[in-house]
Amino acid sequence: MMYGLDQTADIYTPNGTTGAFTVLAKSGLVCRLAYIQQGATTIGGEREDIGQRRRLLWSEDYAMPETAQIEVDSERWNVLAGSLGNLRGPSGAVVYRRCEVVRAL
């Protein structure tokens, strides 16, 4: 397990009939919901995005659905399409996975 994964998330996928994120795909996923580092020149509206966007990190043994909503500490976040990725160690094996999420409205 990767150090720093000190939170848990429940992963929801859309209901086939309503489209609402009510289908529990995974409960208790060990993870970390982290702020995304912004450059020193961040100005204007980009500062507002800092509170609405995060990076989710979790262990290599779970494949996150592309269309999903996560709940961490009673707050819901939508997985940002196209942001799923794997981080590999020196041997080439996946060490952990990541994606960006935006606050669900």
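Just above, that's the structure.
Residues numbered from 1 in each chain as written. Predicted model: local features only at pLDDT ≥ 70, side-chain atom pairs only at ≥ 80, totals over all residues. Heavy atoms only, no water.

Chemist: Sorry, what's going on with the overall build of the protein chain here?
Modeler: Broken down by element type, the protein chain carries one helix and seven strands. From first element to last, N terminus to C terminus, the protein chain shows the α and β order β-β-α-β-β-β-β-β. Relative to its full complement of 105 residues, the protein chain shows a buried share of 31%. In the protein chain, 53% of the contacts between residues at least 6 apart in sequence involve partners at least 24 apart. A total accessible area of about 6,500 Å² is found for the protein chain, and carbon and sulfur atoms account for 49% of it. (Helix = DSSP H or I, 4+ residues; strand = E, 2+ residues; numbered from the N terminus. Buried < 20%, exposed > 50% of the residue type's maximum accessible area, 1.4 Å probe, protein only. Contact = heavy atoms within 4.5 Å. Areas by Shrake-Rupley, 256 points an atom, 1.4 Å probe, with all protein chains shown as cover.)

Chemist: Could you clarify how one ought to interpret the packing of aromatic side chains in this entry?
Modeler: For the structure shown, the criterion picks out zero aromatic pairs. Stacked on the ring of Y12, the Lys or Arg R76 has its end atom at 4.0 Å from the ring centre. (Phe/Tyr/Trp six-rings, centres within 6.5 Å; stacked < 30°, edge-to-face > 60°. Lys NZ or Arg CZ within 6 Å of the ring centre and 35° of its normal.)

Chemist: So what exactly am I meant to see when it comes to the environment of A20 here?
Modeler: The residue A20 is located in the loop between β1 (7–14) and β2 (21–35) in this model. Residue classification places A20 among the partly exposed positions, given a relative accessible area of 34%. Separated by 49 residues in sequence, A20 and Q69 place their C-alpha atoms 9.7 Å apart. What A20 contacts, discounting residues up to four positions off in sequence, is T13, P14 and N15.

Chemist: Help me understand the pairing of β2, please; the structure alone is not making it clear to me.
Modeler: Where β1 and β2 come together, seven bridges link them in antiparallel fashion. Its bridge partner lying in β2, A9 is registered against L29. Taking the residues between adjacent antiparallel strands as the criterion, β1 and β2 are bridged by six residues, where G19 takes a positive phi near 80 degrees. Bridge count for β2 against strand β3 (residues 53–59) is five bridges, and the pairing is antiparallel. Within the sheet, the bridge partner assigned to R32 lies in β3 and is L57. (Pairing = 2+ DSSP bridges.)

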